[in-house]
Amino acid sequence: MAAVQRTAQVDWTGSIARGAGVTSGGSGAIRDLPVTLASRFGEPAGKTSPEELIAAAHAGCFAMALGSVLAGYGMPPEFLRVMATVTLETSGDPTIVSSLLDVHAVAAQADAASLERAAHEAERSCPVSRALQGNVEIRVHATLDQPSAMQAAD
């Protein structure tokens, strides 16, 4: 199988402190998302940051990996919600230090132990987790929910 490549672009104007940019993905699915230094280190104010984009990538990748693992166990999920929280440590050289994955799953045939096992396997199989591994602490907290609990959360 050939390698898969995806692209994203940022157009930036001005200095790092006072400038601003927009980022877009090559697919067209994300387009002209504003990004500034202030959105990275302060309040987002409707603008994104590299850390938010990494969180989105990690959550999406992990949800796909977990869904695949659960299906392989014969317990396909009805619903998965993955919230990734990426932490940027700002003392010294700014460094991404962790990604916490908070998972809520509805899978009729699963129990808490099988979900936990599947989540650990998904962490090992998710390409974004593997890219971050060794540089970023990755923690997974998985909760099995009932369908009514997920509907109430929406």
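Structural notes, computed from the coordinates. Being a predicted model, the structure only gives us computed values, none of them experimental.

Describing the overall build of the protein
The helix and strand inventory of the protein stands at five helices and six strands. For the protein, the α and β elements follow one another from N to C terminus as β-β-β-α-α-β-β-α-α-β-α. Taken along the three principal axes of its C-alpha coordinates, the protein extends 55 × 35 × 30 Å. Considering only residue pairs separated by 6 or more positions, the protein has 54% of its internal contacts joining residues 24 or more positions apart. Accessible area for the protein stands at about 9400 Å²; split by element, carbon and sulfur atoms hold 55% of it. Each charge sign in the protein was given a centre, from 10 positive and 16 negative side chains, and these centres are 6 Å apart.

Focus: the side chain of histidine 58
Mapped onto the elements of the fold, histidine 58 is located in helix 2 (residues 50–72). The buried category is assigned to histidine 58, whose relative accessible area is 0%. Beyond its immediate sequence surroundings of up to four residues, histidine 58 is in contact with Ala84, Ser99, Leu101, Cys126, Val128, Ser129, Leu132 and Ile138.

A closer look at the pairing of strand 4 (residues 79–89)
Two elements, strand 4 and strand 5 (residues 95–106), share 11 bridges in a ladder whose sense is antiparallel. Residue pairing in the sheet places arginine 81 in a bridge with histidine 104 of strand 5. In this antiparallel pair of consecutive strands, strand 4 and strand 5, the connection spans five residues, and glycine 92 shows a positive phi of 75°.

A short note on the environment of leucine 132
Inspection of the secondary structure puts leucine 132 in helix 4 (residues 127–132). Take leucine 132: its relative accessible area is 15%, and that puts it in the buried class. Separated by 97 residues in sequence, leucine 132 and valine 35 place their C-alpha atoms 22 Å apart. When near neighbours in sequence (up to four residues on either side) are disregarded, leucine 132 contacts His58 and Ile138.

Here's the deal with the sheet that holds strand 6 (residues 137–144)
Strand order in the open sheet formed by three strands is 4-5-6, and the pairing between neighbours is mixed. Looking at which strands have only one partner, the edges of the open sheet turn out to be strand 4 and strand 6. Neighbour-to-neighbour, the strand axes of the sheet open up by a mean angle of 15°, direction not taken into account. Sheet topology places strand 5 next to strand 6; eight bridges connect them, and they run parallel.

The rules behind the values
Counting restarts for each chain: residues are numbered from 1 in the order of the written sequence. In keeping with the predicted nature of the model, local features appear solely for residues at pLDDT of at least 70, side-chain atom pairs appear and are counted solely at 80 or more, and the whole-chain, interface and lining totals rest on all residues. As a convention, hydrogens and water are excluded, and side-chain values are obtained from all of the structure's heavy atoms. For the purposes of this entry, the term helix denotes a DSSP run of H or I that reaches at least four residues, the term strand denotes a run of E that reaches at least two, and both are numbered from the N terminus. Note on contacts: a residue pair is in contact if any heavy atoms of the two residues lie within 4.5 Å. For accessible areas, the Shrake-Rupley method is used with a probe of radius 1.4 Å. Any residue's cover is judged against the shown protein chains and nothing else. Residues scored as positive are Lys and Arg, those scored as negative are Asp and Glu, and His as well as the terminal groups of each chain are ignored. Lysine's charge is taken at NZ, arginine's at CZ, aspartate's at CG and glutamate's at CD. With a 1.4 Å probe rolled over the protein chains alone, any residue whose accessible area is under 20% of its type maximum counts as buried; one over 50% counts as exposed, and the rest are partly exposed. Pairing between strands is defined by DSSP: at least two bridges between the two strands are required. Here an axis means a line fitted to C-alpha atoms, over the contact stretch when the element is a helix, while the angle between two N-to-C directions is reported on a 0 to 180 degree scale.

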